[in-house]
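As a plain string of letters, each chain reads:
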Amino acid sequence: MKKTQLIFFITLLVEAGLIYACSSFLFIRFIELMFFSGLLFSVLTFWFSSSGSNSAHSYYKTHSMRLMSGANIEHNPFRLR
């Protein structure tokens, strides 16, 4: 088993354990809570693992720096790891 696959399964087990604990504490069905937490984890993973300058947040930061400093900043190509 590759290292990335092992990390994926460990992350999935930790996420499932946290959701199971929360669902039993809040008396909500596991599958309902798992759907929304899966969306949240997916968005956070995409946000923190991507690099480059094709996002709106990155454009905002680049243009703010350009206005404050007057420097011309080059964009990095978008890459998702």
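Reading guide: rules and limits
Residues numbered from 1 in each chain as written. Predicted model: local features only at pLDDT ≥ 70, side-chain atom pairs only at ≥ 80, totals over all residues. Heavy atoms only, no water. Helix = DSSP H or I, 4+ residues; strand = E, 2+ residues; numbered from the N terminus. Buried < 20%, exposed > 50% of the residue type's maximum accessible area, 1.4 Å probe, protein only. Contact = heavy atoms within 4.5 Å. Expected span 1.5 Å × (residues − 1). Phe/Tyr/Trp six-rings, centres within 6.5 Å; stacked < 30°, edge-to-face > 60°. Salt bridge = Lys/Arg side-chain N within 4 Å of Asp/Glu carboxyl O. 1 Å grid on protein atoms, 1.4 Å probe; cavity = no way out; pocket = protein on both sides within 12 Å on 5 of 7 lines; lining within 4 Å. Points joined across faces, edges and corners; volume = space filled by probe spheres on them. Nonpolar A, V, L, I, M, F, W, Y, C, P; charged D, E, K, R; others polar.

Okay, the overall build of the chain next. From N to C terminus, the chain includes three helices and two strands. The linear arrangement of helices and strands in the chain, starting from the amino end, is α-α-β-α-β. Considering the chain as a whole, with its 81 residues, one finds that 11% of them fall into the buried category. Expressed as a percentage of contacts within the chain between residues at least 6 apart in sequence, the contacts between residues at least 24 apart total 39%.

Our next topic: helix H1 (residues 3–26). With 24 residues, H1 should cover 34 Å at 1.5 Å per step; its first-to-last C-alpha distance of 34 Å lies within 8% of that length. Within the span of H1, buried status applies to Glu15, Ile19 and Ser23. Downstream of H1 by a residue or two, phenylalanine 27 has a phi angle that is positive, lying close to 60°.

Our focus in this paragraph is the packing of aromatic side chains. In total, this model carries three aromatic pairs according to the counting rule given. Ring centres 5.4 Å apart and planes at 65° place the aromatic pair phenylalanine 8 and phenylalanine 9 in the edge-to-face group. Judged by its relative accessible area of 39%, phenylalanine 9 falls in the partly exposed class.

Attention now goes to the pattern of salt bridges. For the coordinates displayed, the defined rule picks out one salt bridge. One salt bridge connects glutamate 32 with arginine 29, and the closest N-O pair in it is separated by 2.5 Å. A residue is classified by how much of its surface remains accessible, and glutamate 32, at 35% relative accessible area, is partly exposed.

The phi dihedral of phenylalanine 27 falls on the positive side, at around 60°, and the residue is not glycine. Following the sequence through the fold, phenylalanine 27 ends up in the loop between H1 and helix H2 (30–49). The exposed category is assigned to phenylalanine 27, whose relative accessible area is 75%.

Left-over empty space is what a probe sized like a water molecule reveals as it rolls over the atoms. Roughly 250 Å³ of internal volume is contained in the second largest pocket. Lining the second largest pocket we find Thr4, Ile7, Phe8, Thr11, Leu12, Glu15, Met34, Gly38, Phe41, Ser42 and Thr45. For the lining of the second largest pocket, the secondary structure elements donating two or more residues are H1 and H2. With six residues, H1 is the single largest residue contributor to the lining of the second largest pocket. Classifying every residue of the lining of the second largest pocket gives five nonpolar, five polar and one charged.

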